[in-house]
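Letter by letter, the chains look like this.
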Amino acid sequence: MDILDTIKARDPNEKEFHQAVEEVIESVRPVLDRYPEFRKAAILERITEPERVVMFRVPWMDDQGQIHVNRGYRIGMNSAIGPYKGGLRFHPSVTLSILKFLAFEQVFKNALTTLAMGGGKGGSDFDPKGKSDNEVMRFCQAFMSELYRHIGPNTDVPAGDIGVGAREIGFLFGMYKKLKNEFTGVLTGKSLGWGGSLIRPEATGYGAIYFAAEMLATRNDTFKGKKCLVSGSGNVAQYAVEKIIQLGGKVLTMSDSSGYIFDEAGIDADKLAFVMRLKNVRRGRIKEYAEKYPQAVYTPVDSSLNYNPLWDHAADCAFPCATQNEIDEKDAINLANNGAMLACEGANMPCTPAAIDIFMDKKVLYAPGKASNAGGVAVSGLEMAQNSMRLAWTRKEVDNRLKTIMKSIHSTCLEAAADFGQDGNYMAGANIAGFVKVVNAMLDQGLV
Ligand code: NDP
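Just so you know, these numbers come straight off a predicted model, no measurement behind them.

Caption draft 1: How the structure looks around the pairing of strand β3 (residues 84-90). Summarising burial for β3: seven of the seven residues are buried, a large majority. Across four bridges, the pairing between β3 and strand β5 (residues 156-159) is parallel. By the bridge assignment for β5, Gly86 is matched with Pro158. Inspection of the sheet shows β3 paired to strand β4 (residues 119-124) by three bridges, in the parallel sense. Residue pairing across strands places Phe90 opposite Ser124, the latter belonging to β4. Taken together, β3, helix α5 (residues 96-112) and β4 constitute a β-α-β crossover, and its handedness is right-handed.

So, in structure tokens, the structure goes:
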């Protein structure tokens, strides 16, 4: 039986995981043909099975005294090149399948950063939206009261993801420290005053834009005057927008799970500052942008449509920075027909396989998240390094390292793609380069 059929038969409901695995397997077929020893070592069978999965009950009490039970997870996908590393996601849509796909992607992404980090992911179906700070704290403490047994600075170092930002990392760290009686770099994304790294909040968004700038440079082009569509208004989207503005581009859209705003005049630095306050401090909805800036148009999500109108505006570049599978075939067609030349993933797996096919077909430059959004985990790796050395680098130093890493990931993707006859195919290049590095480490370490 083909490996994919085996995986599907074993866990038939894990469609997001199947999607992520299928993409990698398709890309690495020529690698397996060139290195038959990989097949002999059953490498695909091993690399697609998590080294471990922990699932646990998270009971917590709301402000009214009512008890709730959520489900917590942590997946250690692969530790061949370093301790497990990857974010925690708190969102009602979280399932084992979503976390397995994210953990699987993380393995190759982390390998591309050149830092010594294995791949992991975790989270809960808890929804922080609409909860008080006290409720979020009680949830984080309950979550960590089980997770602490399974993580550690040399074992598994979680970070943030959707629904887990600086506030949640603070509560999680506080509980870990209390339970373990030690102050170690067990989480990244910490606040600056107690072990965080400068540029970590900015890293994923900035990194994606540095990567896109490298892509544009292959066509002798820059961000100057480029019209950009961005989805999301969380951590990744905010700093992607900031960097696009700094590089002279014009951002027309931002969104949340309720709808999106279109601002023909462009979202400038002042308007972005409003969005940051709205989302990070007041925890409001993007709709309020159009109330504050009436020239902008707000469009609520319409689930009866088979496309997302956010992607149906004339623009040069698209940056999906919200969640998985947010650009489907029809959206990709709309983007290409409206003149888009570049689609660069800030989120993880935001483009469906059908959308990616359209981009390839229409010669739209396409960057997969495991390459283009690797800046976040790269700076998490730098945060770990600073924690180990007990010192803090300057903003400029971290930003320069981030730029160098994104540049190197970009060239690694192109070189690996060219080596296997797929010139310019960033997806193939990212999958192949990440895969080869991890597999070689696995082979060196024997059958474990
Ligand atoms: P945040 O929670 O800060 O923001 C997420 C944004 O996406 C919010 O605007 C949210 O809207 C929106 N969103 C979430 N779920 C959905 C959905 N189902 N449909 C539509 N919109 C949705 O998360 P991040 O910015 O950290 O993460 C965004 C993406 O980037 C994720 O795919 C994540 O895995 C990926 N990523 C993040 C990294 C990081 O360093 N943070 C690193 C690498 C990748 P709402 O407020 O309504 O929920």
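There's more to say after this.
Caption draft 2: Region of interest: helix α16 (residues 395-419). With 25 residues, α16 should cover 36 Å at 1.5 Å per step; its first-to-last C-alpha distance of 36 Å lies within 8% of that length. Residues of α16 that are buried: Val398, Asp399, Leu402, Ile405, Met406, Ile409, His410, Cys413, Ala416 and Ala417. Those residues of α16 that are buried lie in contact with α5, α8 (200-217), α14 (369-372), α15 (375-389) and α17 (426-444). Looking one or two places after α16, you find Gly421, whose phi comes out positive at around 70°.

Caption draft 3: Local environment of the site of the ligand. As a structural note, the neighbourhood of the ligand is formed by 26 residues, with Asp161, Thr204, Ser257, Arg285 and Asn348 the closest of them. Taking Asn348, its side chain carries an N or O atom lying 2.8 Å from an oxygen atom of the ligand. For the ligand, whose accessible area on its own is 900 Å², the fraction buried by protein is 83%. Listing elements by their share of the shell around the ligand, those giving two or more residues are α8, α9 (235-246) and β7 (250-256).

Caption draft 4: Structural detail: the packing of aromatic side chains. Counting across every chain of the model gives 22 aromatic pairs. For the ring pair Phe90 and Phe143, a centre distance of 5.2 Å and an interplane angle of 75° mean the geometry is edge-to-face. Of this pair, Phe90 sits in strand β3 while Phe143 sits in helix α6 (residues 133-147), and the two are 53 residues apart along the sequence. Relative to Phe183, the ring of Phe173 lies with its centre 5.0 Å away and its plane at 70°, an arrangement referred to as edge-to-face. Here Phe183 lies in the loop between α7 (166-180) and α8 and Phe173 lies in helix α7, a separation of 10 residues in the sequence. Owing to a relative accessible area of 4%, Phe173 belongs among the buried residues under this scheme. On the accessibility criterion, Phe183 (45% relative accessible area) is partly exposed.

Caption draft 5: How the structure looks around the side chain of Gln238. Mapped onto the elements, Gln238 comes out in helix α9. By relative accessible area, Gln238 is classed as buried at 1%. When near neighbours in sequence (up to four residues on either side) are disregarded, Gln238 contacts Ser233, Met254, Leu272, Met276, Lys279 and Asn280.

Caption draft 6: Fine view of the sheet that holds β4. If you trace the five strands from one edge of the open sheet to the other, you get β1-β2-β4-β3-β5, paired in mixed fashion. Of all strands in the sheet, those bounded by a partner on one side alone are β1 (52-61) and β5. If you compare each strand with its neighbour and ignore which way they point, the axes differ by 20° on average. Relative to the sheet, α6 contacts β1, β2 (67-78), β3, β4 and β5, its axis offset from that of β1 by approximately 145°.

Caption draft 7: Representation of the environment of Glu264. Relative to the elements of secondary structure, Glu264 occurs in the loop between β8 (259-262) and α10 (269-281). Expressed as a C-alpha distance, the spacing of Glu264 and Val251, which sit 13 residues apart in the sequence, is 8.6 Å.

Caption draft 8: How the structure looks around the packing of helix α12 (residues 329-337) against helix α13 (residues 353-361). Their axes nearest at 7 Å, the elements α12 and α13 cross at an angle of 25°. One finds that α12 runs roughly parallel with respect to α13. α12 and α13 meet at a crossing whose hand is right-handed. Of the residues in α13, those in contact with Glu329, Ala332, Ile333 and Leu335 of α12 are Ala354, Ala355, Ile358 and Phe359. The residue makeup of the contact of α12 with α13, split by class, is seven nonpolar, no polar and one charged.

Rules used throughout
Residues numbered from 1 in each chain as written. Predicted model: local features only at pLDDT ≥ 70, side-chain atom pairs only at ≥ 80, totals over all residues. Heavy atoms only, no water. Buried < 20%, exposed > 50% of the residue type's maximum accessible area, 1.4 Å probe, protein only. Helix = DSSP H or I, 4+ residues; strand = E, 2+ residues; numbered from the N terminus. Pairing = 2+ DSSP bridges. Right-handed = clockwise from strand over helix to strand, strands pointing away. Expected span 1.5 Å × (residues − 1). Contact = heavy atoms within 4.5 Å. Near = heavy atom within 4 Å. Polar contact = N/O pair within 3.5 Å; in protein donor to acceptor, adjacent residues only side chain to side chain. Areas by Shrake-Rupley, 256 points an atom, 1.4 Å probe, with all protein chains shown as cover. Phe/Tyr/Trp six-rings, centres within 6.5 Å; stacked < 30°, edge-to-face > 60°. Axes fitted to C-alpha atoms, helices over the stretch in contact; angles between N-to-C directions. Parallel < 35°, antiparallel > 145°, perpendicular 65-115°, else oblique. Left-handed = near helix turned anticlockwise from the far one by under 90°. Nonpolar A, V, L, I, M, F, W, Y, C, P; charged D, E, K, R; others polar.

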